[in-house]
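Here is what each chain is made of, one letter per residue.
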Amino acid sequence: MFKLLQENSEVATFLIATSFTAVGFVLKTFIDTFLENRKYKKEVKKQFWTEKLAAAKKTSEFYYEHLELIGLMIHQIDIQLEQGFSGALHESIQSTINKLSERSTNPKSFEHHHIHMFYDVDTEVFDSLNTESVVIVQQMENIEFLESDTPAEIDKKLNDVKILLADLKTKHEKKKSTYKAYLKKIREDIKHFAE
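Chemist: Just checking my understanding: could you explain the overall build of the protein for this structure?
Modeler: Scanning the protein for helices and strands turns up 5 helices and 0 strands. Each helix (α) and strand (β) of the protein, taken in turn from the N terminus, gives the series α-α-α-α-α. Burial status across the protein gives 30% buried among its 195 residues. If you take every contact in the protein between residues at least 6 apart in sequence, the share linking residues at least 24 apart comes to 79%. About 13800 Å² of surface is accessible on the protein, with carbon and sulfur atoms providing 59% of the total.

Chemist: Explanation requested: the packing of aromatic side chains in the structure shown.
Modeler: When we look at a pair of aromatic rings, we describe it by the centre distance and by the angle of the planes. By the definition in use, this model includes 5 aromatic pairs. Look at tyrosine 63 and tyrosine 179: their rings are 5.2 Å apart centre to centre, the planes differ by 40°, and that puts the pair in the tilted class. Residue tyrosine 63 is found in helix H2 (residues 9-83), and its partner tyrosine 179 is found in helix H5 (residues 151-194); the two are separated by 116 residues along the sequence. You can call tyrosine 63 buried: its relative accessible area is 8%.

Chemist: Before we go on, may I ask you to explain the side chain of serine 60 in this structure?
Modeler: With respect to the helices, strands and loops of the structure, serine 60 is situated in helix H2. Judged by its relative accessible area of 17%, serine 60 falls in the buried class. Those residues in contact with serine 60 that sit more than four places away from it in its chain are Tyr179 and Leu183.

Quick notes on the rules
Residues numbered from 1 in each chain as written. Predicted model: local features only at pLDDT ≥ 70, side-chain atom pairs only at ≥ 80, totals over all residues. Heavy atoms only, no water. Helix = DSSP H or I, 4+ residues; strand = E, 2+ residues; numbered from the N terminus. Buried < 20%, exposed > 50% of the residue type's maximum accessible area, 1.4 Å probe, protein only. Contact = heavy atoms within 4.5 Å. Areas by Shrake-Rupley, 256 points an atom, 1.4 Å probe, with all protein chains shown as cover. Phe/Tyr/Trp six-rings, centres within 6.5 Å; stacked < 30°, edge-to-face > 60°.

The structure is reproduced here in structure tokens:
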């Protein structure tokens with residue numbers, strides 16, 4: 001065979017060129033496949049982190065807005081107490097309560113649940129604290145100040161409202177600290193990725 005190749009240099013050149021072309025093609029295919037897999041993994045990782053950051057953002061917006069609405073309601077009740085609580089909550093407080101309950105049933109508000117794909121956020125704690133807060137506000141609404149009330153009865157009812165408000169503030173602070181603990185974990189994870 002070697003003798004045949006020496007006599008026919010065109011065949012030898014053709015075989016050598018074909019061999020190198022075949023080896024080059026195999027190597028190029030292997031390298032392209034390797035690079036394509038790396039590129040795909042990078043794209044998947046980028047998409048994963050894009051989704052993770054979007055979920056964290058939506059969750060943060062939802063909970064901070066929720067916390068701010070409750071904080072605003074607490075502030076309004078504080079002001080109402082300073083101005084002389086009449087036993088009925090102002091319309092703005094009732095509007096805040098309605099807004100909070102609407103947010104819980106509005107499908108758009110469920111966007112923040114996307115976070116559960118990436119982190120274990122125990123929403124039962126938040127739901128429990130929200131329920132307790134609503135019960136406290138309802139108890140405040142049930143306290144009626146009557147014209148026939150004596151000054152001692154009025155003082156007792158005002159004291160009851162102040163106790164309920166203090167309990168509401170405690171629940172709100174607990175909710176804020178719980179959320180901030182979750183947010184700290186998320187920030188650490190994001191910080192780790194950015195390094």
